[in-house]
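# Survey of secondary and tertiary structure
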Amino acid sequence: MALLEIIEAPDPRLKVVCETVETVDDDLRQFMDDMLETMYAAPGIGLSAPQVGDRRRVIVVDVSRDGETKRPLRMVNPEIVDTAGEPVMSEEGCLSFPEMFAEVERPSAVKIRYLDENSEPREIEADGLLATCIQHEIDHLDGVLFVDHIGTVRRNIILRKMKKVKRLKAREAA
Ligand code: NI
């Protein structure tokens, strides 16, 4: 297991459209384990491959609470095949935007199709936090960030702050 470096916005690697996975092999299983370890350590509830500099369509998610049994999901080529319910607003953050949050509107319930770590096709229905989280992570696979769903004013505020943080970090490292 290894901790991966999480890319912080703004970064062109967060804007790539990822590629469909053809084969779920040991290399990919190891990568998903590393993604989960990285996500838990952050800590976070979801992580997508492009956030760690990889272009495969892979996400990991675990919305279990502290103290509960962990419920990790490893999703290969995830896609939303149906949505239901009224759109809901909920506050989202992102490991690529430390300490930034915004209200994002999304469908409240979704059906997702994906391959699991054994290459078995699966379909699940999700609502609440799990639905929000999975939609957020699938967005990443198409280079879409949560700030792309909010108003320009709020988005620019967040992006300006992120640029400033990056400048400060670069200066400290120099
Ligand atoms: Ni994110």
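Moving on, we get to the coordination of the nickel ion. At the metal site, the nickel ion is ligated by Cys 94 (SG), His 136 (NE2) and His 140 (NE2), and these contacts range over 2.1 to 2.2 Å. Given a relative accessible area of 11%, Cys 94 falls into the buried group. For His 136, a relative accessible area of 6% gives the class buried.

This paragraph deals with the pattern of salt bridges. Applying the stated criterion across every chain yields a total of 16 salt bridges. Here Asp 11 and Lys 166 are joined by a salt bridge, their closest N and O atoms 3.9 Å apart. Residue Asp 11 is found in the segment before α1 (26-41), and its partner Lys 166 is found in helix α3 (residues 152-173); the two are separated by 155 residues along the sequence. For Asp 11, a relative accessible area of 13% puts it in the buried group. On the accessibility criterion, Lys 166 (30% relative accessible area) is partly exposed. In this structure, Arg 106 and Asp 139 form a salt bridge, with 3.0 Å as the shortest nitrogen-oxygen distance. Highlighted residues: Arg 106 in strand β4 (residues 97-115) and Asp 139 in helix α2 (residues 128-141), separated in sequence by 33 residues.

What counts and what doesn't
Residues numbered from 1 in each chain as written. Predicted model: local features only at pLDDT ≥ 70, side-chain atom pairs only at ≥ 80, totals over all residues. Heavy atoms only, no water. Donors = N, O, S within 2.8 Å, 3.2 Å for Na, K, Ca; no water. Buried < 20%, exposed > 50% of the residue type's maximum accessible area, 1.4 Å probe, protein only. Salt bridge = Lys/Arg side-chain N within 4 Å of Asp/Glu carboxyl O. Helix = DSSP H or I, 4+ residues; strand = E, 2+ residues; numbered from the N terminus.

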